[in-house]
Amino acid sequence: MINKKIFAVFVILIASISGTPTFAQMIEPIVVNTDKESYDNGDVVKITGEVKEKLSGFPVSLQVIAANGNLVTVKQIDVNEDNKFTTEITAGGNLWKSSGIYTVKVLYGTESRTNETTFEFGSIEVTTTDVKQKGPTVKIENTDIDIAYEITNGEITKLTPIEDANSLIAVIKTTDAGELSITLPRTAIDAKIGDSDDDFFVLVDGNEVSFEENTTTTDRTLKIPFPEGAEEIEIIGTFVVPEFGSIAIFVLAIAVTSIIVMTTRSRLNVFSRY
């Protein structure tokens with residue numbers, strides 16, 4: 001007759017060999033994995049995962065965050081009938097500027113249904129270009145100021161100053177996640193506290209984003225990452241060039257006032273003679 005203790009140990013060994021998920025794995029509301037632990041520039045990253053309970057009408061929100069903290073990819077992924085999801089992204093591009101550990105974060109429905117995994121991205125060579133010389137330009141609406149810029153995976157269709165908010169709004173069309181590098185003359189928009197430079201406040205579709213900046217005495221160049229599908233980038237400072245329309249109305253008001261004053265004085269002079 002088999003000893004009960006020996007039998008129990010035998011059962012445990014069989015369970016561990018069979019690869020049955022542990023209890024901790026089973027209670028995770030969402031899991032995510034990559035097909036490899038490291039990738040080089042140009043490699044395809046296959047991301048797979050599974051949710052414990054499928055929620056009707058909710059996709060999985062996925063973010064890939066670079067080693068330097070920059071957001072490089074944002075995606076919405078549908079969950080299949082078997083509660084699994086999958087997607088692929090290409091490692092590399094203008095936003096993948098640093099080598100190291102990259103983080104894949106997923107969220108499903110609520111903040112309680114989150115998880116993450118990591119992978120290593122190899123070294124890449126980044127070439128810096130001169131935005132002023134190589135980039136196209138876009139005119140600020142209702143002004144005579146052209147702005148130099150470069151953009152990956154998109155284009156600027158309109159650039160409008162909002163005088164009341166001291167901001168510039170760039171309307172963009174995107175084909176994928178990318179980066180806008182825009183050179184702003186200080187005569188067009190600036191951010192200052194007294195004589196010292198202050199930080200700009202940058203929103204992408206209403207959400208604050210981090211950005212890199214290079215400054216000179218005449219302009220400030222911002223490098224702003226944006227996700228796929230982004231439509232609007234707003235740059236907020238402490239001063240923005242007013243539109244010609246606003247100036248024209250102001251000048252017209254002054255002119256009309258001057259005419260009224262001059263006419264009134266002329267009439268008074270005429271009456272005073274009599």
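Here the structure is shown first, and the text comes after it.
All of these numbers come straight from a predicted model, not from anything done at the bench.

K.L.:
What am I meant to see in the sheet that holds strand E3 (residues 44-51) here?
P.N.:
Within a beta sheet, neighbouring strands are joined by backbone hydrogen bonds and run either parallel or antiparallel to one another. What the three strands build is an open sheet, ordered E1-E3-E6; its pairing is antiparallel. Edge strands, defined here as strands with exactly one partner in the open sheet, are strand E1 (30-34) and strand E6 (84-90). Here the strands of the sheet are splayed against their neighbours by 20 degrees on average, with no regard to which way each runs. Of the strand pairs in this sheet, E1 and E3 are connected by five bridges, and their pairing is antiparallel. Bridging across to E3, Val-31 finds its partner in Glu-50.

K.L.:
Would you take a moment to explain the pairing of E6 for this structure?
P.N.:
Consecutive side chains of a regular strand alternate in pointing toward one face of the sheet and then the other. Going residue by residue along E6, you find Phe-85, Thr-87 and Ile-89 tucked away on one face and Lys-84, Thr-86, Glu-88 and Thr-90 left uncovered on the opposite face. Looking at chain direction, E3 and E6 are connected through seven bridges and run antiparallel. If you follow Glu-50 over to E6, its bridge partner there is Lys-84.

K.L.:
Help me out: how do you make sense of the sheet that holds strand E2 (residues 38-39) in this one?
P.N.:
Strand order in the open sheet made by the five strands is E2-E8-E7-E4-E5, with mixed pairing throughout. Edge positions in the open sheet fall to E2 and strand E5 (71-77), since each of these has one partner strand only. As paired elements, strand E7 (residues 100-108) and strand E8 (residues 110-121) share nine bridges and run antiparallel to each other. Looking at the pairing, Val-106 lines up with Asn-115 of E8.

K.L.:
Can you help me understand the nonpolar core in this one?
P.N.:
The nonpolar side chains of soluble globular proteins are, as a tendency, buried together. Judged by nonpolar contacts, the single largest core of 28 residues is most densely connected at Ile-147, Leu-184, Ile-233 and Ile-235. Put simply, the parts of the chain that give this core at least two residues each are strand E10 (146-151), strand E11 (154-162), strand E12 (167-174), strand E13 (178-185), strand E17 (201-204), strand E20 (219-226) and strand E21 (232-236). Discounting chain neighbours no more than four positions away, the residues touching Ile-233 are Leu-168, Ile-169, Ala-170, Ile-172, Leu-180, Val-202, Leu-203, Val-204, Ile-224 and Phe-226. In this structure, Tyr-39, Val-79, Ala-91 and Phe-119 belong to the second largest nonpolar core, which totals 26 residues.

K.L.:
Help me understand the pattern of salt bridges in this model?
P.N.:
For side chains of opposite charge, pairing can occur when their charged atoms come near one another. Following the criterion strictly, the structure yields eight salt bridges and no others. Two residues, Asp-197 and Arg-186, come together in a salt bridge whose shortest N-O distance is 2.9 Å. Here Arg-186 lies in the loop between E13 and strand E14 (189-190) and Asp-197 lies in strand E16 (residues 196-197), a separation of eleven residues in the sequence. Here Asp-197 falls in the partly exposed class, since its relative accessible area comes to 38%. The buried category is assigned to Arg-186, whose relative accessible area is 15%.

Conventions we followed
- Counting restarts for each chain: residues are numbered from 1 in the order of the written sequence.
- Only residues with pLDDT of at least 70 get local features here, since the model is predicted, and only at 80 or more are side-chain atom pairs given and counted; chain-wide, interface and lining totals rely on the full set of residues.
- Think of the side-chain values as coming from all heavy atoms in the structure, minus any hydrogens and water.
- A pair of strands counts as paired when DSSP detects no fewer than two bridges linking them.
- Numbered from the N terminus, helices here are DSSP runs of H or I no shorter than four residues, and strands are runs of E no shorter than two.
- To get an axis, fit a line to the C-alpha atoms, keeping to the stretch in contact for a helix; angles then go from 0 to 180 degrees between the N-to-C directions.
- Here the term buried applies to any residue with accessible area under 20% of the maximum for its type, exposed to any over 50%, and partly exposed to those in between, with areas from a 1.4 Å probe on protein chains only.
- Residues grouped as a nonpolar core are buried Ala, Val, Leu, Ile, Met, Phe, Trp, Tyr and Cys residues, joined through side-chain atoms within 4.5 Å.
- Between two residues, a contact is recorded if the distance between any of their heavy atoms is within 4.5 Å.
- Any carboxyl oxygen of Asp or Glu that lies within 4 Å of a side-chain nitrogen of Lys or Arg is treated as forming a salt bridge with it.

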